[in-house]
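Spelled out, the chains give:
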Amino acid sequence: MISIIYDYINWEEKQIIKKLQEENIEYNIINAKDEPLNITGKNSKIGDVAFIRCVSHRRSLYYSAILENQGIRTINSFNIFNITGNKIITSAYLYKNNIPTPESTVSFSKDAAIGVCNSYGYPVVFKPASGSWGRMVSLIKNDNMAETIFSMNDMVNESGVYYIQRYVERPPRDIRAILINHDISAAVYRYSNDGWKTNLYRGGKVEKAALSDYDREIIIKASEIFDAGVIGIDAMESPDGIKIHEINGRVEFKGASRVYGDKIINDVVNFLKSTS
Ligand SMILES: Nc1ncnc2c1ncn2[C@@H]1O[C@H](COP(=O)(O)OP(=O)(O)OP(=O)(O)O)[C@@H](O)[C@H]1O
């Protein structure tokens, strides 16, 4: 049986449930907010595969760690959630595995961070180590702005950690690839509606991406850092080829499905079937 673990039911979860029903696949849905998780004993409601779709990174981490240690196949694995939930750690793994990625540095004081901004040269990109939907991702244009953004970040996020990336010159779009079991199920360009961030999921234009063989090779190689699962890989098209800037352990694909129809849902459900 497949258990879908969720905390909010979004479009993706609804479509997956609909497809499981259509195919008469045995499943149940478990709201992580309602269901205490037994760490030192079995959790009888959980099937042999747990598809963890929690929006909360912490819930995904605990669910995957605990269930994996009880012999349950979790999609995704603890390792995937653990690494991809933190952009700093993700950058380190991408670098280690020779995957092209934007130049990135972490500093542990504001002064050191401003030094990094100056050594990269403005504009630079500042990101919180964890987060999604582009929240708090900022384009910093000078020392004053850096000081202000770092101070604001300290008020809401993990204080004293400054992850700085060199700005990548690129067209006003990025690539979102959906990888299932190390295969590219779909890849789209996401265009910015306004401003400089291209990941805006509300209303932004989406179109099928024309990936070169090299792009596909890099994207698949990046997925192979991890166990087989359902992940998103985001990349930017720099003048020297694509650079992967993010891996999503809980990938959203409503936008990509506007272009690919049911393909992604079908691929996800086929993968879940093959693991159960
Ligand atoms: N180094 C960079 N150079 C130029 N643009 C960047 C850079 N890093 C990020 N961006 C832009 O900012 C957007 C948001 O960045 P990023 O994807 O890292 O944030 P996020 O919060 O993880 O977003 P999401 O979860 O939607 O992918 C990217 O889609 C891209 O358009």
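Residues numbered from 1 in each chain as written. Predicted model: local features only at pLDDT ≥ 70, side-chain atom pairs only at ≥ 80, totals over all residues. Heavy atoms only, no water.

Going by an unreviewed UniProt entry, the chain carries the name ATP-grasp domain-containing protein and comes from Acidiplasma aeolicum.

**Some words on the site of the ligand**
Put simply, the rule is: Whether a residue is near a molecule or strand depends on its heavy atoms: if one lies within 4 Å, it is near. Polar contacts, as used here, are pairs of N or O atoms within 3.5 Å; protein pairs need one atom able to donate a hydrogen and one able to accept it. Residues neighboring in sequence count only if both atoms are side-chain atoms. Working definition of accessibility: Shrake-Rupley area with a 1.4 Å probe, residue cover restricted to the visible protein chains.
As a matter of local geometry, the ligand sits amid 26 residues, with Lys 127, Gly 134, Asp 174, Thr 198 and Glu 246 nearest to it. The side chain of Lys 87 places a nitrogen or oxygen atom 2.8 Å from an oxygen atom of the ligand. Between the ligand and Lys 127, the relevant distance is 2.8 Å, taken from an oxygen atom to a side-chain nitrogen or oxygen of the residue. Contact with the protein chains covers 99% of the free accessible surface of the ligand, which is 620 Å².

**Description of the sheet that holds strand E6 (residues 124-127)**
Backbone-to-backbone hydrogen bonds pair the strands of a sheet. The strands run either parallel or antiparallel. Applied cut-off: At least two DSSP bridges between two strands are needed for those strands to be called paired. Secondary structure elements follow DSSP: runs of H or I of four or more residues count as helices, runs of E of two or more count as strands, with numbering from the N terminus. Orientation is described by lines fitted to C-alpha atoms, with helices fitted over the stretch in contact, and by angles between N-to-C directions that extend from 0 to 180 degrees. Working rule for contacts: check all heavy atoms of both residues, and any pair within 4.5 Å makes them a contact.
Taken together, the 4 strands give an open sheet; going across it, the order is E5-E8-E6-E7, and neighbouring strands pair in antiparallel fashion. In this open sheet, the two strands that pair with only one neighbour each are strand E5 (104-107) and strand E7 (138-140). With direction set aside, neighbouring strand axes in the sheet form an average angle of 30 degrees. This element, helix H4 (residues 87-96), spans E5, E6 and strand E8 (162-166) of the sheet and lies at about 45 degrees to E8. Of the strands in this sheet, E6, E7 and E8 are in contact with helix H6 (residues 143-156), which crosses E7 at around 150 degrees.

**With respect to the nonpolar core**
Note the following rule: By nonpolar core is meant a set of buried Ala, Val, Leu, Ile, Met, Phe, Trp, Tyr and Cys residues that side-chain atoms within 4.5 Å join together. Type-normalised accessible area, obtained with a 1.4 Å probe on protein chains alone, sets the label of each residue: buried when under 20%, exposed when over 50%, and partly exposed for intermediate values. Boundaries of every domain are those given by an automatic assignment or by a domain database.
Among the nonpolar cores identified, the biggest contains 25 residues, and Ile 16, Phe 253, Ile 264 and Val 268 are the most heavily contacted of them. Elements with a minimum of two residues in this core: strand E1 (2-6), helix H1 (11-22), strand E3 (49-52), strand E9 (173-180), strand E10 (183-191), helix H8 (254-260) and helix H9 (263-275). By residue number, the principal contributor to this core is H9, which donates 6 residues. Shared between two domains, this core holds at least three residues of each, these being domain 1 (2-83) and domain 3 (169-260). Setting aside its immediate chain neighbours within four residues, Phe 253 contacts Trp 11, Glu 12, Ile 16, Arg 53, Ile 178, Ile 264, Ile 265 and Val 268.

**Focus on the sheet that holds strand E2 (residues 27-31)**
The 4 strands lie next to each other as E2-E1-E3-E4, forming an open sheet whose pairing is parallel. Each edge of the open sheet is held by one strand with a lone partner, namely E2 and strand E4 (73-75). Adjacent strand axes in the sheet meet at a mean angle of 25 degrees when their direction is disregarded. Summarising the sheet, E1 and E2 pair through 5 bridges and their orientation is parallel. If you follow Tyr 6 over to E2, its bridge partner there is Asn 31. Against the sheet, helix H2 (residues 57-68) makes contact with E1, E2, E3 and E4, and its axis sits at roughly 170 degrees relative to E3, the strand it touches most. Strands E1, E3 and E4 of the sheet are contacted by H9, whose axis makes an angle of about 170 degrees with E4.

**Observations concerning the domain arrangement of the chain**
Inclusion rule: By buried area we mean how much accessible surface two parts lose on assembly, using a 1.4 Å probe and totalling the loss over both. For this document, the term salt bridge refers to a Lys or Arg side-chain nitrogen within 4 Å of an Asp or Glu carboxyl oxygen. Throughout this entry, Asp, Glu, Lys and Arg are counted as charged residues, while Ala, Val, Leu, Ile, Met, Phe, Trp, Tyr, Cys and Pro are counted as nonpolar. The remaining residues, Gly among them, count as polar.
Annotation of the chain at the domain level lists domain 1 (2-83), domain 2 (104-166) and domain 3 (169-260). One C-alpha centre belongs to domain 2, the other to domain 3, and the line joining them spans 24 Å. Between domain 2 and domain 3, the buried area comes to about 660 Å², and carbon and sulfur atoms account for 54% of it. Taken together, the links from domain 2 to domain 3 amount to 0 salt bridges. Elements represented by at least two residues in the side of domain 2 that touches domain 3 include exactly E6 and E7. By residue class, the composition of the side of domain 2 that touches domain 3 is 4 nonpolar, 3 polar and 1 charged.

**Describing the pairing of E6**
Judged by which residues are buried, E6 turns out to be covered on both faces: Val 124 and Phe 126 on one side and Val 125 and Lys 127 on the other are all buried. Sheet topology places E6 next to E8; 4 bridges connect them, and they run antiparallel. Residue pairing across strands places Phe 126 opposite Ile 164, the latter belonging to E8.

**A look at the pattern of salt bridges**
Applying the stated criterion to the full structure yields 17 salt bridges. The residue Arg 59 makes a salt bridge to Asp 7 at a minimum N-O spacing of 2.9 Å. Of this pair, Arg 59 sits in helix H2 while Asp 7 is found in the loop between E1 and H1, placing the two residues 52 residues apart along the sequence. Under the relative-accessibility criterion, Arg 59 is labelled partly exposed at 28%. Among the residues examined, Asp 7 registers a relative accessible area of 3% and is labelled buried.

**Regarding unusual backbone geometry**
Here the amide bond leading from Ile 75 into Asn 76 is cis, since omega sits at 5 degrees, within 30 degrees of zero. Structurally, Asn 76 is set in the loop between E4 and helix H3 (78-84). Following Tyr 122, the chain continues to Pro 123 via a peptide bond in cis, the omega torsion being 0 degrees. Mapped onto the elements of the fold, Pro 123 is located in the loop between helix H5 (110-120) and E6. The phi dihedral of Asn 98 is positive, around 60 degrees, even though this residue is not glycine.

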